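# Remarks on the overall topology
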Amino acid sequence: DAKTTQPNSMESNEEEPVHLPCNHSTISGTDYIHWYRQLPSQGPEYVIHGLTSNVNNRMASLAIAEDRKSSTLILHRATLRDAAVYYCILYRNQFYFGTGTSLTVIP
Amino acid sequence: EAQVTQNPRYLITVTGKKLTVTCSQNMNHEYMSWYRQDPGLGLRQIYYSMNVEVTDKGDVPEGYKVSRKEKRNFPLILESPSPNQTSLYFCASSSSPGRNTEAFFGQGTRLTVV
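Please read these numbers as outputs of a predicted model, since none were measured by experiment.

Definitions and cut-offs
- Residues numbered from 1 in each chain as written.
- Chains lettered and ligands numbered in written order.
- Predicted model: local features only at pLDDT ≥ 70, side-chain atom pairs only at ≥ 80, totals over all residues.
- Heavy atoms only, no water.
- Contact = heavy atoms within 4.5 Å.
- Buried area = accessible area lost by both parts, 1.4 Å probe.
- Salt bridge = Lys/Arg side-chain N within 4 Å of Asp/Glu carboxyl O.
- Polar contact = N/O pair within 3.5 Å; in protein donor to acceptor, adjacent residues only side chain to side chain.
- Helix = DSSP H or I, 4+ residues; strand = E, 2+ residues; numbered from the N terminus.
- Buried < 20%, exposed > 50% of the residue type's maximum accessible area, 1.4 Å probe, protein only.
- Pairing = 2+ DSSP bridges.

## Quick notes on the interface of chain A and chain B
- Listed as interface residues are 21 residues of chain A and, on the opposing side, 21 residues of chain B.
- Summing both partners gives a buried area of about 1,800 Å² for chain A against chain B, and 48% of it is carried by carbon and sulfur.
- Three residues, Y91, Q94 and F97 of chain A, lead the burial of chain A against chain B; their summed loss comes to 28% of the area buried on that side.
- At the boundary of chain A with chain B, the tally comes to 0 salt bridges.
- Inspection of the chain A/chain B interface yields 4 residue pairs in polar contact (both at pLDDT 80 or more).
- Elements that contribute at least two residues to the side of chain A that touches chain B include exactly β3 (32-38), β4 (45-50) and β8 (84-91) of chain A.

Written out as structure tokens, the structure reads:
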């Protein structure tokens, strides 16, 4: 398995930035770091992915440590619709989903 | 609209009665896969397919079959369902085996085997 470690849960106030951490100390040189999120009663939804450099898209930013053993998903302004379980995944022949981080957004 | 469609969304069946969960994608993706999601275990891959007529086992294939006769469809077959296959199932597709691509997931099928 390509194992990642995330906090079980986090809270954020609405309209504030959220930093979701992920440790992946066993990452290999060709593993991409993917983030997906799962809203209640829905399938996982792609958020962002990267290899070495930091990445930005319309949903979020991904900050990757220089040694690639950890990464952080950044939601710049949390909204109530961002309340979901966020999965940090190393793609190695398949997606290995852990149990993710359950994000609660407080109004 | 790009989508992965699973049917049915909900299914209650009895032990031993064969069932099929369908999965269809409209993005001409080559790679498709099935996952099951159980509390405390995250998503675990059941089977995947790299292309038409090419399938392989994931981490938890026991009790399941798949087929890939055409690119858009990837049905999951439970020949003799048992209660331990009660779970939430997701189908996913991507243009290639996911390393540098986005995967699209279906809405899920909640299966209960009694």
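Moving on from the model shown.
## A few points about the pairing of strand β9 (residues 101-106) of chain A
Residue and element names in this part refer to chain A.
- Burial of β9 is one-sided: the residues T101, L103 and V105 facing one way are buried, the residues S102, T104 and I106 facing the other way are not.
- Both strand β1 (residues 9-13) and β9 contribute to a ladder of 5 bridges, which runs parallel. Paired with S12 across the two strands is V105, which belongs to β9.
- Inspection of the sheet shows β8 paired to β9 by 3 bridges, in the antiparallel sense. Looking at β9, one finds that A84 is bridged to L103.

Any link to function would need more than the numbers given here.
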